[in-house]
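Residue strings, one per chain:
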Amino acid sequence: MDRVSEEQKQADNRARATTDELRAFIQEDWAPRRPTVTERAPSAEYAAARRAVLSAAFPRQRLVVPAGGLKVRSNDTDYVFRPHTAFAYLTGLGADREPDAVLVLEPLDDGGHEAVLWFRPLADRDSDEFFADARYGEFWVGARPTIDDVELELGLTARHVDGLVDAVAKDAGEVTVRVVRDADLELTARLDAARVENGATEESLAESDDALAHFVSHARMCKDEFEVEQMREAVAATHAGFEAMIAAMPEAVEGGRGERWLEGTFGLSARHRGNGVGYDSICAAGDHANTLHWIKNTGDVHEGELVLIDAGVEVDSLYTADITRTLPVDGTFTDAQREVYDAVYAAQQAGIEAVKPGNRFSDVHAAAIRVIAEHLHAWGLLPEGVSVEDTLDKEHGQYHRRWMVHGTSHHLGLDVHDCALATREEYMDAELRPGMVLTVEPGLYFKADDLKAPERFRGIGVRIEDDVLVTEDGCENLSAAMPRSADEVEAWVARVQQR
Ligand code: GLY
Ligand code: MN
Ligand code: MN
């Protein structure tokens, strides 16, 4: 099957004649369309409440949140579309919806806003787009929603995207217009030009725009009830994906390139149960576990090794889990592997116990890294004369970072590293509040050629990562059903593999 791009039309090597007779023949005799949407989306009321928060923060200003467009992978082939996170959050649209759409919060005189979704509605069947447009046409990519469909599904006003730029820029000299700039660079450039043409000053654009992107990023920090439910589903799907990998471990060992076998096995689960993986899976056997973002996954998996797997399913609403388990390939930890594993487990326990309202986000790392430092000290790995307190000193110590260079936690949600535009005060230094979801993921990494590491530890890398919801009086480990301690993990492997 092929699809004809503009360049190819110019090259004329695959062009086909379309006569008026042929066009008419293709366009006629179709039964009436069935609606693609029959009810309001479950996310709609939550998205409306999120928009209300945004509306209250920016009275009498026009707020523009694009979904983004399709991105070419090679000539006439696009990447799978994923909407910008701010757009997904404020519309409730997930999966691959809706390329080129733009949410505009149109200011009203009373200080509130009308939500308008500008998008490319389904073309009629008497249009050329219907059969001849490979990027958007119904023959090629299926039926898209109509204006009525979107209004029913989302409970907001929908309009054809053709009118967008004029509507956004018409009074840009008088009304502050803010755009989420990185969602759709081409549209942003057009809106910039139109805003300046209509009276906005060039200098004002980026700064006022950044305030909008920052607000939406920070607003996502405490999850609503719908989001928490989505996170539970993402974790459940991830749990199933891990069990599929454990079941596939013997094949991974036998067939070669076992890391890829595990990655593919998880990907199958992720694609089947959700939208896909929330980030590239890390399937790292043996010494590869000591490369923190090992996503090449080209290695073999051998009995006697550990395999560190960091993977998460993104469900259709785009919320993702982010979970790591470090598994003994043959089902049993060696003494040295268990020694390292137990240290990381103790650090993670301390981190999880620090997740409670009133504590700061940074307290979780502080609790976990203290346990890591204590173990490194007890093993005699810190420099001569350096105590646990010395290494924990932020200005002069930090020797432990040779073996755990990353932080312990990040916020999690629509993005795997969620709320990324929040400031240090809003993130690292902020108090934990009910509804926040964060990871707790300490690790220890002893490279095979690390001459400061005891020989028995060389080539062992361990991380344990869970997804934790802050509650009124503490936290709930959303991934608690996935075995974690060394004994539980051994029993898990045995049970799944029916050994
Ligand atoms: N999977 C990336 C992370 O754990 O942050
Ligand atoms: Mn992870
Ligand atoms: Mn993580």
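Below or above, wherever it landed, is the structure these notes cover.

Conventions used here
Residues numbered from 1 in each chain as written. Chains lettered and ligands numbered in written order. Predicted model: local features only at pLDDT ≥ 70, side-chain atom pairs only at ≥ 80, totals over all residues. Heavy atoms only, no water. Buried < 20%, exposed > 50% of the residue type's maximum accessible area, 1.4 Å probe, protein only. Helix = DSSP H or I, 4+ residues; strand = E, 2+ residues; numbered from the N terminus. Pairing = 2+ DSSP bridges. Donors = N, O, S within 2.8 Å, 3.2 Å for Na, K, Ca; no water. Tetrahedral: all angles 85-135°; square planar, octahedral: opposite > 155°, others 65-115°.

1. Some thoughts on the pairing of strand 10 (residues 306-311)
Link 1 in the chain: The element strand 10 is largely enclosed, with a buried count of six among its six residues.
Link 2 in the chain: Burial along strand 10 is two-sided: Leu306, Leu308 and Asp310 and Val307, Ile309 and Ala311, pointing in opposite directions, are all buried.
Link 3 in the chain: With four bridges joining them, strand 9 (residues 282-285) and strand 10 adopt antiparallel strand pairing. Across the sheet, the residue bridging to isoleucine 282 is aspartate 310, located in strand 10.

2. Concerning the coordination of the manganese ion (ligand 3)
By definition of the ideal shapes, a tetrahedral metal site with four donors has angles of 109.5 degrees and an octahedral site with six donors has angles of 90 or 180 degrees.
Link 1 in the chain: Coordination of the manganese ion (ligand 3) by the protein comes from Asp322 (OD), His410 (NE2), Glu441 (OE) and Glu465 (OE), over a distance range of 2.0 to 2.2 Å.
Link 2 in the chain: For the manganese ion (ligand 3), the six donor atoms in the first shell make angles of 51 to 157° at the metal, so the coordination geometry reads as irregular.
Link 3 in the chain: The sequence motif formed by the donor residues of the manganese ion (ligand 3) is D-x87-H-x30-E-x23-E.
Link 4 in the chain: Between the manganese ion (ligand 3) and the manganese ion (ligand 2), a separation of 3.2 Å is found, and both are coordinated by aspartate 322. One end of the pair, aspartate 322, is in the loop between strand 11 (313-314) and strand 12 (323-328); the other, glutamate 441, is in the loop between strand 13 (437-440) and strand 14 (443-446), with 119 residues separating them in the sequence.
Link 5 in the chain: Exposure remark for aspartate 322: the relative accessible area of 3% places this residue in the buried category.

3. A word on the coordination of the manganese ion (ligand 2)
Link 1 in the chain: Those donors, Asp310 (OD), Asp310 (OD), Asp322 (OD) and Glu465 (OE), are the protein atoms that reach the manganese ion (ligand 2), and they lie 2.0 to 2.3 Å from it.
Link 2 in the chain: One way to put it: the six donor atoms around the manganese ion (ligand 2) meet at angles of 58 to 172°, and that makes the site irregular.
Link 3 in the chain: Binding-site remark: the manganese ion (ligand 2) is held by donors from one chain whose sequence spacing is D-x11-D-x142-E.

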